[in-house]
Structure formats: structure tokens, C-alpha cells
Amino acid sequence: MTKTILDELIEADEFLLPGNTACPGCGSTLALRYALKALGKDTVLVIPASCSSVYQAIYPKVSFKVITFNVAFASAAAVASGVKQALVKKGYEDVNVAVWGGDGGLIDIGAATVSGAAERNEDIFVFVYDNEAYMNTGIQRSGSTPPGARTTTTPLGKIVGFKKPMSFLMLLHGVPYVATANVAYPTDLYEKVKRAKKIKGFKFIHIFAPCPPGWRFDDSKTIEVARLAVETGYWILWEGGYRDGKLNLTLSPPSRPYKDPSKRKPLEEFLKYQGRFRGFDEESLKRLRNWIDYQWSFIDNLAGK
Amino acid sequence: MERYDVITGNDAAAWGARLSRVEVIAAYPITPQTTIVEKLAEWVDKGEMDARYIAVESEHSAMSATMGASAAGARAFTATASQGFLYMLEMISWAAGARTPIVMAVVNRALGPPWNIWSEHTDALMARDTGWIQFWASNNQEALDSIIQAYRVAEDKRVILPAMVMLEGFVLSHTAMPVKIHDQSKVDQYLPPYNPPHYVLNPKLSEPFAYGNILFPWDYVKVRLAIQKAMENSVDVIKQAAREFQEIFGIWHGDLIKEAYTDDAEVLIFALGTVAEQAEATAELLRKDGYKVGVVKVRVTRPFPKPEIAKLASKVSHVIVIDRDISFGWDGILAGEIKATLHDYKVDTPVTTKIMGIGGDDILPEHIEKAVKEVYNK
Ligand SMILES: Cc1ncc(C[n+]2csc(CCOP(=O)(O)OP(=O)(O)O)c2C)c(N)n1
Ligand code: SF4
Ligand SMILES: [Mg+2]
């Protein structure tokens, strides 16, 4: 019997050990588990302040079976640049150096640093697990929070901003690899990381990672919520990059059907499980729909019809 | 080959990094530091220096990348000044906590506003509580030599802490003077390649481990106390590094302090960097008029040379501290440290603070003379 990619994913070595201190149903740890399976043992993780600096467990224990360096909130992509450059200098070019951080650390406070590393085309991975708020400090709004969602700094769901399109921004840097992923599609994520591993240069992978306590949904529903994000067209799976003088961008298989808006499930399906969208009014809904349209039109324009 | 050249302080600092065979440099431009990293970038580009140069997008990232490189086992260098120094302060503190023996050149410059690009010591002194060893150069030769010595100290397995070497903006950074550029083989003999005594961020050399994850207060205390212990250890290491430097290169810049005319002094002046140099020149003049003035250059402010300072101060009738810096609402920063030291050692010699040369204002011999004469006329 030939092995499927799912078999391969299941059989691949585990580098996220049981007994970590994440909440039940944590999307971020699922994402990390798959990403590490693809990266393998020759990996250095650089982790800015975030839930992942906490859920790796408390000293003297650690639940990651790869070398992990915890660093200040805004510094991760620069630290990783230095680590990689040193390893190259020392003759260890084939070690993967990967930033693993949240939307706050990599899309807000550390964005200039991520942008700098991207612009220099550092040979590193930057993984953002996007749980759409500062969870570690108690669910405050970030630049990646959807407009109208309730957080502790938008307690009544006031509309602020438009959810920063960080993965597009990365694409515009002309880096060789940018992809989005989602914990409900583990093989898609796994294969993307495997493909990215073959590419020299800057690799940015933006992963949708639901957070039960932060989004106020039952912790048995992580995968359902994550899948609905794709099925309603809210989160679009794609990969691309600027390689060999060409900008590539392709929709990933799970998102292809939803290019046609009539195939998408109603947005309300995605919203209804989540307490953060309680009291979501017409205006918020409109804003979020605009944001979704904006994402799709951007992709349509780039990926070609 | 060993040779003399007439070069600026910044070029001397760059030579210090080059002769130390630095492997990774990450830096960001700021006046008056810029020409250090320009020089290094040029050497790296021309292949005269076998290092990786990372042209980062900020000082915060300069220190971050330098720290990452050091934690991965490379000898790493950066340089900054003033606003850039403050911008990287979060990472300055992190680099010490991460026990990365980086060396950084700090070209002292006043802080804004108002904008001022001239010399002042307040920038580096703001980091005296971070766990960095702090050297102060008083001439270009010392800038070069202190960088080499700083690596020796920082990378010593009893220490493993970062070290900064200060040289004053313009006074040294852009002033050319004769500097001996050492023979590379002698430097190699003095400073062997960095051989980290701990795990590094390299899965081919180290088992999986995590550094810096959360720990409880009782463990945190141990980790932080280890920094204090390393600082204490560094005292002897600095002395040994200075002695061996003298043996190999025949140059003595002092160890934690450098004394001038202290043997029979009635009044002692304490100062940092070129201010001490100026005080020494002034003391020479004053001595012709019968004023028995001695000068103690405080070469290292962390670890602070408390016993040495207390002993010297106990033998005189008055101490003058010249600070090219200020802690608003407190005192001159060096003066505050010296007063605390004397109190610790129960030395009751009176101390006068003189704050001079803020924002690059001239410190002339007559200013120092006036301070000394005031003390004599008391
Ligand atoms: C300079 C600085 N500012 C603020 C903080 C406090 N802080 C720690 S984690 C965090 C939020 C992290 O959010 P995100 O990156 O989205 O990761 P998540 O917690 O959601 O996993 C904040 C604000 C800090 N550690 N450092
Ligand atoms: S708060 Fe959310 S992201 Fe953080 S550990 Fe818990 S579930 Fe995971
Ligand atoms: Mg977050």
C-alpha cells in the first residue's frame, strides 16, 4: 500500500511532547506540532514573548524536543537572523532556524524586524500563529484582530482597523516563500513547511490558530472553527513567493472551491460559535465582509483568473 | 605585521574588532559611531575580514542579531551611541541575561532633546545595572586594545558576560592619533577562538534544550545571582587580562583603574575616559604650582572597583569626581557610585562633584584647576 501524506505526517517524529502547559484545544500547539514534524530535529526555534513562551512548560522542564531560544517580544526575526548567519559562518548551513511567535509579536511590535529580515532575505522561517489577539496578556486587541471582535481592549466590540494583511505585505517584499495555513488542514500545513524547507531565503508561514479561551468557544470546537474560517472564505489558504524572477501565487486545494462566493458557507456560521462576535452588528458584519472581499480580490488579481 | 598608523578612535575600534577575528557583526548607523561599522562593512566586503555583516534595520535588531550569533557560538560585535544605545536597551539587558559574551563599542554621545551629537557619558552609564562589563577608553590605542581585552574577559568561562567599550564621540571617535596596530599572530596568542563552555544554538553540537523559558522566583533568583557571581569573578579576570596584555604587547592601560600621581597626592580626581586624561594633564600643571593632585582613571565601571577606590580615597584629604554625565535629581553618576563606595568602606574623605562637559561642552584645564583650587581654599 502506498503511503499517503497523512500517513507520513502521523509517522513523522514528534518534537512537541505531551505535558505542555497550553489550554485544552489550543490551536497554536497543534500548528507547532505539525510544523516541527516537517522541520525535523535539526531546528532552532526562536520564540518571542507569547503563549508559546509559556506553553513550552516551566523550567526545569520543557516540552519542545528542539533547541529553543526565548527572546524579547520585538526581537525574534533579528535574533534568528543572527543565529542563522552564525551557523552559516561556522559551516552549519543546513540547520533550520525558525521564529515561532504570535500575531502580536510578529505582526505588531516586531513587524519592522520581520520586515527587515524579509527585505534582507535572511535564510530563516518566520511562523506566525495567528490567534488574532494578545492572548498571553489576557486577550487584548492586536493589529490582526478582526474589526468588531470583542477583546479586553475592545470590550464592546468597537470597530478598530481592518486586520493587517501581513502575509500580503510579506509577499510584496519579494521573498521566495509565503504561505497561509490553518490547523484544520494539517497535511496542507505539513506539505507547505516541507516545500519551504527546500527553499533558500526568507520563508513566511501565517497559520490560522483558534484560541478557545480568547475567542470564547468550547475547547472541543477548535478544528470546526478553523475549518469554518476556510469554508466561509474568511481565511484563505494560498502559497506563493518571488522565485526565479517570477511572482507565483496559487490557491491551495482546500480554499479553491471558495473562490466562488456562492460556494462559501454564510459568514454567520463561523461567527456563531465564538463569544468574541457576540452582539456583532450589521456594521461590523459589513466591515468583515469587506475585509474578506478585499483579501479575495487581492488574490484574484495576483493569482490571475 | 605590527605597525603604527595615525587613525581615528573609530578606526581603532574597528581594528580592535578585526584583530579579534570577529565572526558576525550586526549594526546600525548613528553619529558618531557610524564610521566604525562602515569600516568593518568595507573590510568584510573586500574580503579583508572573514565575517558576516548583517545590515539590520534598527539598533534593537543589531543587538538581537548579535546576541543570536553569539548564542549560536560565534564571536559577535556591534557598536552604537546615544539614541541607538537607548533604543537597544531592552536587548542589552537580554544579552546579559542570555550570557552572550558580545563586545560592543559605545561612542558616547549626549541624549536628545535637544539634538546634540557631542560627547557625554550618560548614555552608557544608563546600562550599568544590566549585567554588562563596562570599559572606558581614554585614547585611541586604548579603544583598540580594550576591545581585544574585553573579548578575553567576556569569553572567560568564569565570566561569560557581554562587555562594552566606551570611547567618546568626536574627542576620540573622529580625532586621529598614532595607534599601534598589533601583529595578528600576537593577538591570536592572546585571544584564542571563542569556545563556549555551554550549550549553543546548534543541533549538531548540542542536545535539545531551552533557554529563557519561564521559571519560578526561587529558580530565577539563582539565574540572576549567577550574573552577580560572574561579575565578581570578572574582577580577577580583568586584572589578569590587563597583565597578560602588558606582557605580550608591552602596553599598560590600567586594569580596573589607572593611577597617576597618586603616591603623594593630597587631592584625588576621579573621572572616566578622556576626562581623566585631561585631569592628568592638568595635574601635571598644578603640581608645578605645588598642588599635590593625583588622578584615578576609573577604567571599568562594572564591576565597580570598590576596594581600590576606597583605599586610594582613604589616603587623601579630599576627593573630586568629575562627571561628564548627570542623573537628574541625584548627582553625577560616577560621584554617586564613589560616595556609596566610600560609605561602604567607612572612608570619610569629603567628596566634591563637578559636572562638566555635558553635551560636548569643553572641559579645559582651567575648569579643572578651578575645582582643585576651590578645594585647597576651603
Ligand atoms: C516590550 C514588551 N511589551 C509588552 C510585553 C507583554 N506581552 C507579552 S506577550 C504579549 C502578547 C503576545 O501576543 P501574541 O504575539 O499575539 O502571542 P499570543 O499571546 O497570542 O500567543 C504581550 C503584550 C512584553 N513582553 N514585552
Ligand atoms: S490562550 Fe489560546 S493560544 Fe494561548 S495557550 Fe491558551 S488556547 Fe493556546
Ligand atoms: Mg496572538
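First, a word on what this report is: a plain description of the structure on this page.

About the criteria used
- Residues numbered from 1 in each chain as written.
- Chains lettered and ligands numbered in written order.
- Predicted model: local features only at pLDDT ≥ 70, side-chain atom pairs only at ≥ 80, totals over all residues.
- Heavy atoms only, no water.
- Near = heavy atom within 4 Å.
- Nonpolar A, V, L, I, M, F, W, Y, C, P; charged D, E, K, R; others polar.
- Polar contact = N/O pair within 3.5 Å; in protein donor to acceptor, adjacent residues only side chain to side chain.
- Areas by Shrake-Rupley, 256 points an atom, 1.4 Å probe, with all protein chains shown as cover.
- Helix = DSSP H or I, 4+ residues; strand = E, 2+ residues; numbered from the N terminus.
- Pairing = 2+ DSSP bridges.
- Axes fitted to C-alpha atoms, helices over the stretch in contact; angles between N-to-C directions.
- Parallel < 35°, antiparallel > 145°, perpendicular 65-115°, else oblique.
- Left-handed = near helix turned anticlockwise from the far one by under 90°.
- Contact = heavy atoms within 4.5 Å.
- Buried area = accessible area lost by both parts, 1.4 Å probe.
- Salt bridge = Lys/Arg side-chain N within 4 Å of Asp/Glu carboxyl O.

To continue, consider the site of ligand 2. Around ligand 2, the structure places A:Cys23, A:Cys26, A:Cys51, A:Asn131, A:Met135, A:Cys211, A:Pro212 and A:Pro213. Counted by class, the shell around ligand 2 contains seven nonpolar, one polar and no charged residues.

Taken together, 17 residues sit near ligand 1, with A:Asp103, A:Gly104, A:Gly105, A:Tyr129 and A:Asn136 positioned nearest. The environment of ligand 1 is shared, with nearby residues belonging to chains A and B. In the model, an oxygen atom of ligand 1 is placed 2.9 Å from a nitrogen or oxygen of the A:Cys51 main chain. Relative to its unbound accessible surface of 590 Å², ligand 1 loses 76% to contact with the protein. Among the elements that take part in the shell around ligand 1, helix 5 (residues 103-108) of chain A stands out by supplying three residues, more than any other. Per-class residue counts for the shell around ligand 1 are eight nonpolar, seven polar and two charged.

Residue and element names in this part refer to chain A. Judged from the two bridges that link them, strand 5 (residues 177-182) and strand 7 (residues 238-243) form a sheet pairing that is antiparallel. The partner of Val178 across the bridge, within strand 7, is Gly240. Here strand 7 pairs with strand 8 (residues 246-251) via six bridges, running antiparallel. Residue pairing across strands places Trp238 opposite Leu251, the latter belonging to strand 8. Connecting strand 7 to the next strand, strand 8, in antiparallel fashion are two residues, including Asp244 with a positive phi near 50°.

Residues and elements named next belong to chain B. The interhelical angle for the contact between helix 7 (residues 140-154) and helix 9 (residues 217-249), taken along N-to-C directions, is 135°, at an axis separation of 9 Å. One finds that helix 7 runs oblique with respect to helix 9. The element helix 7 and its partner helix 9 pack so that their crossing is right-handed. Residues Asp145, Ile148, Gln149, Arg152 and Val153 of helix 7 form the contact with helix 9, whose participating residues are Ser234, Val237, Ile238, Gln240, Ala241, Ala242, Glu244 and Phe245. Grouping the constituent residues of the contact of helix 7 with helix 9 by class yields seven nonpolar, three polar and three charged.

To continue, consider the interface of chain B and chain A. Chain B puts 42 residues into the contact, and the matching count from chain A is 42 residues. Between chain B and chain A, the buried area comes to about 3,300 Å², and carbon and sulfur atoms account for 67% of it. When the shortest N-O distance is used, the salt bridge between B:Asp50 and A:Lys89 registers 3.3 Å. In this assembly, chain B and chain A are joined by 15 residue pairs in polar contact (both at pLDDT 80 or more). Among the elements that line the side of chain B that touches chain A, the one with the most residues is helix 3 (residues 59-71) of chain B, at eight residues. For the side of chain B that touches chain A, the per-class residue count stands at 25 nonpolar, nine polar and eight charged. Where strand 2 (residues 67-71) of chain A and strand 9 (residues 210-211) of chain B come together, two bridges link them in parallel fashion.

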